[in-house]
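Working through the structure, step by step
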Amino acid sequence: MIVLEGVSKDFVMKGRVVQALKNVNMCIDDGDFVVIVGKSGSGKSTLLHILGGLLSADSGKYLVDGVDVFSYSAKQLAMFRANTIGFVFQQFYLVPYLSVYENIKLPLVYGKHLEHEAQIMSYLQVLQLDLWKQHLPHQLSGGQKQRVCIIRALMNRPKLLLCDEPTGALDHQSAQQIMQLLKVLNRSGMTIVLVTHDLRYKSLGNRLFRVDNGMVCECKI
Amino acid sequence: MQNIKWLYLYCKKYGLRWLLCCLSMAIAVVCMCLISYISYVVQNALLEQVSLMGTDLLMGYLDRTDGLLDTFVEDIEQYGEVDRYSFVGSDIFYFEQNVYDLKFVENSYFDLYQMEIGSGRLFYDFEDEHVVVVGKDLANTFRLHDRILYHNQWYTVIGILDSVSESFYGNDNTCVFVPYRFYDSSHTQLLMKSTDEVFTKQYLSYYLDMYAIEYEIFCQSQIKEAMKLLLELMEKVLYIIGCVSFVVSMLGIGNVMLFSVEQRKSEIGIRKAMGASDFSIFIQFLLEVCVMSVVGYVMGMVLSVLCILLFSWYLDSHFHLTISMSLYLLLMCLGIGSIAGVAPAYLACKKDVVDVLSV
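A quick note: this is a predicted structure, and the numbers were derived from the prediction, not measured. (Residues numbered from 1 in each chain as written. Chains lettered and ligands numbered in written order. Predicted model: local features only at pLDDT ≥ 70, side-chain atom pairs only at ≥ 80, totals over all residues. Heavy atoms only, no water.)

1. Some words on the sheet that holds strand β2 (residues 16-28) of chain A
Sheet strands pair by backbone hydrogen bonding; their relative direction is either parallel or antiparallel. Residues and elements named next belong to chain A. As summarised here, the arrangement of the four strands in space is β2-β1-β4-β5, forming an open sheet in which the pairing is antiparallel. Taken across any chain shown, the strands that pair with only one partner, and hence form the sheet edges, are β2 and β5 (67-68). Across five bridges, the pairing between strand β1 (residues 2-13) and strand β4 (residues 59-64) is antiparallel. Within β4, the residue paired with L4 across the bridge is Y62. Strands in contact with helix α1 (residues 44-51) are β1, β2 and β4; relative to β1, the strand with the most contacts, it is inclined by about 125°. (Pairing = 2+ DSSP bridges. Helix = DSSP H or I, 4+ residues; strand = E, 2+ residues; numbered from the N terminus. Contact = heavy atoms within 4.5 Å. Axes fitted to C-alpha atoms, helices over the stretch in contact; angles between N-to-C directions.)

2. Some details on helix α3 (residues 100-110) of chain A
Burial analysis of α3(A) places nine of its eleven residues in the buried class, which makes it a mostly covered element. Inspection of α3(A) places A:V100, A:Y101, A:E102, A:N103, A:I104, A:L106, A:P107, A:L108 and A:Y110 among the buried residues, and these make up the whole buried set. (Buried < 20%, exposed > 50% of the residue type's maximum accessible area, 1.4 Å probe, protein only.)

3. What to know about the nonpolar core
Ranked by size, the top nonpolar core spans 88 residues in total, and within it A:M26, A:L47 and B:F246 carry the most contacts. Of the residues forming this core, the biggest block, 18 residues, is contributed by helix α1 (residues 2-52) of chain B. Discounting chain neighbours no more than four positions away, the residues touching A:L47 are A:L4, A:L21, A:V24, A:M26, A:I36, A:V211 and A:V216. (Core = buried A, V, L, I, M, F, W, Y, C linked by side-chain atoms within 4.5 Å.)

4. A few points about helix α6 (residues 265-273) of chain B
Residues and elements named next belong to chain B. Here α6 lies mainly inside the structure; seven of its nine residues are buried. Within α6, the full set of buried residues consists of E267, I268, G269, I270, R271, K272 and A273. Just beyond α6, the residue with positive phi is G275, at close to 110°.

5. Brief notes about the packing of helix α5 (residues 220-263) of chain B against helix α7 (residues 278-315) of chain B
All names here are of chain B. Where α5 contacts α7, the axes come no closer than 12 Å and their chain directions differ by 140°. Between α5 and α7, the angle falls in the class oblique. The handedness of the crossing between α5 and α7 is right-handed. For the pair α5 and α7, the contacting residues are I253, M257, S260 and V261 in the first and F285, E288, V289 and M292 in the second. (Parallel < 35°, antiparallel > 145°, perpendicular 65-115°, else oblique. Left-handed = near helix turned anticlockwise from the far one by under 90°.)

6. Some points on the pairing of strand β2 (residues 84-95) of chain B
Residue and element names in this part refer to chain B. As paired strands, β2 and strand β9 (residues 187-193) are joined by five bridges and run antiparallel to one another. Its bridge partner being in β9, Y85 is matched across the sheet by M192. Of the strand pairs in this sheet, β2 and strand β3 (residues 98-105) are connected by eight bridges, and their pairing is antiparallel. Within β3, the position partnered with D91 by the bridge is L102.

What follows is the structure in structure tokens.
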């Protein structure tokens, strides 16, 4: 179970304090598919970064299975990310000089719960990337890149998969494929948090949160 | 090993930039190796020239007005510690707007350096006539029976020397030799050849002190020492210049690495998001520079060996590149590379993951 209790986060921008998150309270159960919607600049990416252990809050608690993540040292945070979190980004962030296969294997260097070679191959086959595994990222289409990112995010068998606008850079057909893939992963028991500003996907998950001006509230689907 | 593999893949894509960094290190290595080789060649050549002079001792600034010097020479001749000797006086003279070295020597001087006559004859110690013998290189300027004016006195050329090896004074082929009896200065020099330089020096000093003759002794070992000191100084200066090439290479590598860190900040961000610690990022970049330095070192050593082989063939000298020098350069490359890499690696590991992934 993932719990956020009274989490607030401020940023100082050009000498002015901006409240990105205001007293956020959230509870995510194992196996939930959480969709977070909100306008640009509303604070949804900040929320995702906090959930991913990339950012610490100014106040509040972030509990994962009862352990406060905000109390972790930098090294413990790195281990937390390596073993608990999977990231899927809008801009893919594939390492340009590594092949598809090498990019997918990247988390294996840092994490503990590692997928086997056979599992990697089966992911590649299921997502129709097996013929592309030796190609470099610039040789792939947007949809293919995002599928590579998803496989990469699954390599450490994450407890929580965080997706930041995963379809933002894709055409409609590729976006549909990616969303279907996330749904399949959720059905297999994976907890997913999807951040999007595209309201078409608000009914994709079983829970919907709206972020508005740093305030988070749960909505009915 | 994983870092090395990533580095290999990185180089496959951005190889040229990486190669240029290695080359800058390689050039610095080549500079140092060539400096070492050139110092070796110059030192050998100069010391060989000094050795050719034989075991000579030159006593300078001797006062010959009171006759004590003649008694001293008779004494040391009697005790037999000195093999051969000659009084020597020096001056210059002008002839047809050119300056020539003039040496007042005794006949034994020619014997001292195995000087052979090419044409004409050598002079005796007690020549009645004013005569001179000229070095081989002056054969085209002065011919036999030519007359030379020096201090309002005409001297006749009676002999031209064959080629001679170096004397204590250097090249004698351009000198004009005059019998010592015509030397009229109050101070003179005494040149001696001895089988035991150190002993003879002590022996002469003892006698010169006893006769209360003021003197200064110059011997071959002194010249060698002075030359060695000079060469060591030259070597140090050259090494400092060589170090400048390392500094330039360090700045180049540091600059390229800084650029690389900026270019790869999204890679750094995603690695951190996947659980890479600051330390592992730091090591990744530092290792990259170290491997770059070692590759540059290997390239430099290969180039150096080729250059030295070429030079030693051209200069007809020995191949000279010591193992200690090679190890020293390896350490230097690693040290310089590490220094160049520390700042970029630190900047890379301290990159804020949210900042670099929010671009």
